[in-house]
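Fold and contact review
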Amino acid sequence: MNGGNGNRTAGADQDAAAVPRADVLPAGGATPEGEPRCVLRATGLVKRYGNVVAIRASDFDLRAGEVLAVVGDNGAGKSSLIKALSGALVPDAGVIELDGRPVAFRSPHEAREAGIETVYQTLAMAPQMDIAANLYLGRPLRRAGTLGLLRMLDHRRMREEAARQLDALGIATVQDIGQVVGSLSGGQRQAVAVARAAMFGSRVIIMDEPTAALGVRESRQVLELIARIRDRGVPVVLISHDMPQVFEIADRIHIHRLGRRTAVVEPARCSMTEVVGLMTGALRVTEDGTITEQALSAPHRKEGTA
Ligand SMILES: Nc1ncnc2c1ncn2[C@@H]1O[C@H](COP(=O)(O)OP(=O)(O)O)[C@@H](O)[C@H]1O
Ligand SMILES: [Mg+2]
């Protein structure tokens, strides 16, 4: 341990009276006061896979108008966390609130209905279908009419609407909306997946490593897309390994380690080295919000990797 317990008045031995740079998140993760509106919040989430505890009493909060990056080592539980938030898995314990109201999604469909769209690490696309059809996968537009279930698919309207949406999102590289998705480049495919999320995600958009498989230029386009989505008023959760990318686009960084949130920091007020240190456990956040070296006593526990 390092320093007194929560006593800020005594002259600290380090960089005097430093402004806290990180949210202090002792066990349980009390949220700090005076924060902006919280759109999506989770408290005490737990998920076990047999003997493996993927999420151990983790907290999470996403604020209005932000890009929140979620970072952490392989196996830290990032994907499990966002799956819990997006209905892809049902947590064993914990509470999730959307706009202040408790929700309990039993499927991604239910989360979508509530306005939460997710781009998973493994893209769910139909490669043999065209872009427009993929954008409307699972919720196609049908022609107006009175035939109920027999109403015809409205391909023309889907194409027009899809083209309009891609345009509005500034996705210029796709030339033909009728092109089959299987013929697109990785980046274009990712752009279509992100566009689909942006079209339907009215409250929250979650992306799990959207640029992991992309080149520099393609990544840039996806990043610009994320910024545009945020600027249109929908907060974005971005899981990413790419530190420069995270520092460029995130308003806050949620650091996940060994199944739980260990800190939340602002990229404007800390360094990449510090975030990496918090990720690996070399650094920790003290009770007054300073980032400091971890006490050496606890030996590193080997964790399973994904
Ligand atoms: N379906 C599963 N069955 C068993 N173990 C799993 C499953 N999914 C994830 N895990 C385990 O849970 C832990 C967290 O995994 P994951 O959420 O994928 O982490 P991350 O996305 O941070 O790499 C890892 O130890 C992983 O092996
Ligand atoms: Mg993952």
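Just so it is clear, the model here is predicted, and its values are computed rather than measured.

Further remarks concern the sheet that holds strand β9 (residues 236-239). The 7 strands are arranged β1-β11-β10-β4-β9-β8-β7 in an open sheet whose pairing can be described as mixed. Two strands lie at the open edges of the sheet, namely β1 (22-23) and β7 (116-119), each paired on one side alone. Two strands pair when backbone bridges link them, and strand β8 (residues 204-208) and β9 are joined in this way by 4 bridges, in the parallel orientation. Following the sheet pairing, I205 is matched in β9 by V236. On top of the sheet, helix α1 (residues 78-85) reaches β4 (67-71), β7, β8, β9 and β10 (252-257); it is set at about 155 degrees to β8, its chief contact. Together, β4, β8 and β9 form the strand contacts of helix α6 (residues 216-231), whose direction differs from that of β9 by roughly 155 degrees.

Our focus in this paragraph is the nonpolar core. Counting residues in each nonpolar core, the largest one holds 71 residues, and the members touching the most others are V194 and V237. When near neighbours in sequence (up to four residues on either side) are disregarded, V194 contacts V119, M207, P210, V222 and L225.

Two elements in contact, helix α5 (residues 186-200) and α6, have axes separated by 9 Å at closest approach and are oriented at 10 degrees. Considered as vectors, α5 and α6 are oriented roughly parallel to each other. Taking contact as the criterion, the partners of G186, G187, Q190, A191, V194 and A198 in α5 are, on α6, E218, Q221, V222, L225 and I229. Among the residues forming the contact of α5 with α6, the class breakdown is 6 nonpolar, 4 polar and 1 charged.

The next thing to look at is the sheet that holds strand β2 (residues 38-49). Sheet architecture is open: 4 strands sit in the order β3-β2-β5-β6, paired in antiparallel fashion. Two strands bound the open sheet, and with one partner strand each, they are β3 (52-63) and β6 (101-103). Between one strand axis and the next, the sheet turns by 25 degrees as a mean value, whatever way the strands run. Relative to β6, strand β5 (residues 93-98) is paired through 3 bridges, and the arrangement is antiparallel. Residue pairing for β6: I96 is matched across the bridge by V103.

Further remarks concern helix α8 (residues 272-280). Those residues of α8 not exposed but buried are E274, V275, L278 and M279. Down the axis of α8, the sector holding all buried residues measures 140 degrees, keeping them to one side. Every exposed residue of α8 that faces more than 90 degrees away from the buried side is listed here: M272 and T273.

What follows concerns the site of ligand 1. In the vicinity of ligand 1, 13 residues are found, and the nearest of them are Y49, A54, K78, S79 and S80. Mapped by element, the contributors of at least two residues to the shell around ligand 1 are β3 and α1. Among the elements that make up the shell around ligand 1, the one with the highest residue count is α1 (3 residues).

Another aspect to go through is the pairing of β9. What you see with β9 is no split at all: V236 and L238 on one side and V237 and I239 on the other are buried throughout. Relative to β9, β4 is paired through 4 bridges, and the arrangement is parallel. Paired with V67 across the strands is V236, a residue of β9. Traced from β8 through α6 to β9, the parallel crossover comes out right-handed.

Across the chain, pLDDT averages 83, with 82% of residues at or above 70. Here residues 26-31 is modelled with pLDDT under 50, and outside its nearest four sequence neighbours on either side it reaches 4 contacts, counting other chains as well. Note on residues 302-306: pLDDT is under 50 here. Beyond four places in sequence and across chains, it has 8 contacts.

β8 sits mainly inside the fold: 5 of its 5 residues count as buried. Direction of pairing for β7 relative to β8: parallel, over a ladder of 4 bridges. By the bridge assignment, V119 is partnered in β8 with M207.

The rules we used
- Residues numbered from 1 in each chain as written.
- Chains lettered and ligands numbered in written order.
- Predicted model: local features only at pLDDT ≥ 70, side-chain atom pairs only at ≥ 80, totals over all residues.
- Pairing = 2+ DSSP bridges.
- Helix = DSSP H or I, 4+ residues; strand = E, 2+ residues; numbered from the N terminus.
- Contact = placed C-beta atoms within 7 Å.
- Axes fitted to C-alpha atoms, helices over the stretch in contact; angles between N-to-C directions.
- Core = buried A, V, L, I, M, F, W, Y, C linked by C-beta atoms within 7 Å.
- Buried ≥ 20, exposed ≤ 12 C-beta atoms within 10 Å, placed from the backbone.
- Parallel < 35°, antiparallel > 145°, perpendicular 65-115°, else oblique.
- Nonpolar A, V, L, I, M, F, W, Y, C, P; charged D, E, K, R; others polar.
- Arc of directions from axis to C-beta.
- Near = placed C-beta within 6 Å.
- Right-handed = clockwise from strand over helix to strand, strands pointing away.
- pLDDT = per-residue confidence, 0-100.

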